[in-house]
Structures are given as structure tokens and as C-alpha cells.
Amino acid sequence: MHVAVVSFKLRLFGINSLKEKRSLIKKLINELRTKYNISISEVGMCDSKGWAEIGIAVVNSAKEVVDSTVEQISNALESTYGLEIVEFEREGW
């Protein structure tokens, strides 16, 4: 079994309230969870309007699938309008 735990620190643009931020992050989390079958949650900076931190766990029997899934998630986040990946940390087993 192969596991990757990934943390993304995101800078958000055009967010005027915590309500807007939570709506955006909730939608993003639900889309990624559904599309990639991963465990995902907002893990930090919950009270900041301009920043968010999400944590992701990917588990599979094939290392190549785990690596590919993490890469696809990174690409999906990079192409999402209104946010920028500022920091990326990954641990794997």
C-alpha cells in the first residue's frame, strides 16, 4: 500500500468575506473529493480571508497511481481561477 499526504497553502484573490471563502473552499473540496476519490479537508488558516490551507491523503496499491493523482490535483489547483499555490508539502510511504 502506498500513501501520500499533501498540504497546499493557497493564496485567494477577490475574496471579500469569510462566507465567500468558505463557499469557495467547500466547492473546491467537494469537486476534488468526487473527481479523485481522496480524503481532503481545510486544515489551516480557517479565519483568514486571503489564505487557505488544505490537506489531502491519497491511498492506492500502486505508487504510480498515487504520484499521478497528486500531480493531477496540483494541476487542477494551479488552473483554478482566483487562487495560487504558495506552498506545497508532500510526505509519502
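Note that this is a predicted model, so its numbers are computed, not measured.

Q: Account for the packing of aromatic side chains, naming residues and giving values.
A: For the structure shown, the criterion picks out one aromatic pair. Relative to Phe88, the ring of Phe8 has its centre 5.1 Å away and its plane inclined at 55 degrees; by these criteria the two rings are tilted. In this pair, Phe8 is assigned in strand E1 (residues 2–12) and Phe88 in strand E4 (residues 83–92), connecting sequence segments 80 residues apart. Relative accessible area serves as the criterion here: at 1%, Phe8 is assigned to the buried category.

Q: Describe the nonpolar core, listing the residues and the values that go with them.
A: Of all hydrophobic cores here, the largest spans 22 residues; its most connected members are Phe8, Leu32, Ile38, Ile54, Ile56 and Ile73. At the level of secondary structure, the elements contributing two or more residues to this core comprise E1, helix H1 (18–36), strand E3 (51–60) and helix H2 (63–78). Those residues within four positions of Phe8 in sequence are excluded, and the remaining contacts are Ala52, Glu53, Ile54, Ile56, Ile73, Ser74, Leu77, Ile85, Glu87 and Phe88.

Q: Account for the confidence of the model for the chain, with residues named and values stated.
A: Of the residues in the chain, 100% reach a pLDDT of 70 or more, and the chain-wide mean stands at 92. Ranking the elements of the chain by mean pLDDT puts E4 last with 90 and E1 first with 95.

Q: Can you break down the environment of Met45 residue by residue, with the values?
A: Inspection of the secondary structure assignment puts Met45 in the loop between strand E2 (39–44) and E3. Here the alpha-carbon distance between Met45 and Lys9, two residues 36 residues apart in the chain, equals 8.9 Å. Once residues lying within four places of it in the same chain are set aside, the contact partners of Met45 are Lys9, Lys21, Trp51, Ala52 and Glu53.

Q: Which residues make up the sheet that holds E1, and what values do they have?
A: Hydrogen bonds along the backbone pair up the strands of a sheet, which may run parallel or antiparallel. An order of E2-E3-E1-E4 is seen for the four strands of this open sheet, with the pairing classed as antiparallel. The open sheet has two edge strands, E2 and E4, and neither has a second partner. Strand-to-strand, the axes of this sheet are offset by a mean angle of 20 degrees, without reference to chain direction. Sheet topology places E2 next to E3; five bridges connect them, and they run antiparallel. Across the sheet, the residue bridging to Ser39 is Ala57, located in E3.

The rules behind these values
Residues numbered from 1 in each chain as written. Predicted model: local features only at pLDDT ≥ 70, side-chain atom pairs only at ≥ 80, totals over all residues. Heavy atoms only, no water. Phe/Tyr/Trp six-rings, centres within 6.5 Å; stacked < 30°, edge-to-face > 60°. Helix = DSSP H or I, 4+ residues; strand = E, 2+ residues; numbered from the N terminus. Buried < 20%, exposed > 50% of the residue type's maximum accessible area, 1.4 Å probe, protein only. Core = buried A, V, L, I, M, F, W, Y, C linked by side-chain atoms within 4.5 Å. Contact = heavy atoms within 4.5 Å. pLDDT = per-residue confidence, 0-100. Pairing = 2+ DSSP bridges. Axes fitted to C-alpha atoms, helices over the stretch in contact; angles between N-to-C directions.

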